[in-house]
Amino acid sequence: MSSLRSELDRLFDLSWSGRDSGLFGGWTPSLDVFDEKDHFVVTAELPGMKNEEIDLSFENGVLSISGERKQSKENKEGETFRSERYFGKFQRSVTLPAAVDSSKITASYKDGILTVTLPKSEAAKPKQIAVNVA
Amino acid sequence: MNPTLTKTESQNVRSGSPAVETVTPPANILETKDGYVLEAEMPGVSKDGLEVTVEGGELTILGRRTAVEVKGREVYRESRRFDYRRSFELDPSIDTAKIVATIDQGLLTLHLPKAEAVKPRKIAVNS
């Protein structure tokens, strides 16, 4: 019974990912998260976009990256032989594992990779505690 | 279906080759009035890491990722750190000397013009 349950869960997951990546024309850009002591770095692979097509927001410890990639003129007018690229909307969210100073978040976009730097709030930074041995 | 540019092959499926794992970049191929346009997604690759070669009627694109310097701990990872590689068989109508490649924000665009001789030509009819 439990295996049937997990199978159903899996099917449900698959149908959702299928919906995200195919039928509605969106896609799921891959996301990486790094913990660099005093800040987090989140990177997303977003090839072939423009800065203004990418939206970033941060609320309640959750970073959201969304946007829409539009088809080029050639993609609209040319006769297609192979079509593996996704166009349309995407949305990804990531919950940061510790508190972040939202006023100091910065982002850059280079070589099709979005890099978001999120400084940890003072309380969340690791602290060195000196131990005095008598 | 036109057989042009349909064959694709990545290095890692070739048996007996050294085990260099690569990622096959997703690609679009379109035919325009003057030739073909090939787009391949290679996030993390700049102009310097890109290699496009034509040999024996086969076009190969190779993209080396710019190394990202991360000192910290990896919390979560979905991206694959391998380089990109993909080969396409070229239609004989393509003028290989005139292929132009550009890369912008990790999107490689190749313009593959058809040779003048094979372009459709309008012929005036004299009455």
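Below, the structure is looked at part by part. (Residues numbered from 1 in each chain as written. Chains lettered and ligands numbered in written order. Predicted model: local features only at pLDDT ≥ 70, side-chain atom pairs only at ≥ 80, totals over all residues.)

**Concerning the sheet that holds strand β1 (residues 31-36) of chain A**
Right, so step 1: Strand order in this open sheet of five strands is β7(A)-β8(A)-β2(A)-β1(A)-β7(B), and the pairing throughout is antiparallel. Where the open sheet ends on each side, the last strands, each with one partner, are β7 (106-110) of chain A together with β7 (73-77) of chain B. Neighbouring strand axes in the sheet, compared pairwise and without regard to direction, differ in orientation by 15° on average.
Right, so step 2: Pairing of strand β2 (residues 39-45) of chain A with strand β8 (residues 113-119) of chain A, which is carried by seven bridges, proceeds in the antiparallel orientation. The residue bridging A:Phe40 from the neighbouring strand is A:Leu118, located in β8(A). (Pairing = 2+ DSSP bridges. Helix = DSSP H or I, 4+ residues; strand = E, 2+ residues; numbered from the N terminus. Axes fitted to C-alpha atoms, helices over the stretch in contact; angles between N-to-C directions.)

**Topic: the interface of chain A and chain B**
Right, so step 1: Taken together, the 28 residues of chain A in the interface contact 32 residues of chain B.
Right, so step 2: Contributions of two or more residues to the side of chain A that touches chain B are made by β1, β2, α2 (73-77) and β5 (79-83) of chain A.
Right, so step 3: Residue composition of the side of chain A that touches chain B, by class: 10 nonpolar, seven polar and 11 charged. (Contact = placed C-beta atoms within 7 Å. Nonpolar A, V, L, I, M, F, W, Y, C, P; charged D, E, K, R; others polar.)

**Focus on the sheet that holds strand β4 (residues 62-69) of chain A**
Two modes of strand pairing occur in sheets, parallel and antiparallel, and in both the strands are linked by backbone hydrogen bonds.
Residue and element names in this part refer to chain A.
Right, so step 1: As summarised here, the arrangement of the three strands in space is β3-β4-β6, forming an open sheet in which the pairing is antiparallel. Both edges of this open sheet fall to β3 (54-59) and β6 (88-95), since each of them pairs with a single strand only. This sheet shows a mean twist of 15° between the axes of neighbouring strands, independent of strand direction.
Right, so step 2: Both β3 and β4 contribute to a ladder of six bridges, which runs antiparallel. Considered in β4, the bridge of Ile54 is made with Gly67.

**Remarks on unusual backbone geometry**
Right, so step 1: The backbone of A:Asn60 shows a phi angle near 50°, a positive value even though the residue is not glycine.
Right, so step 2: Structurally, A:Asn60 can be placed in the loop between β3 and β4.
Right, so step 3: In this structure, B:Gln105 is a non-glycine residue whose phi angle is positive, near 50°.
Right, so step 4: Tracing the sequence through the fold places B:Gln105 in the loop between β9 (100-104) and β10 (107-113).

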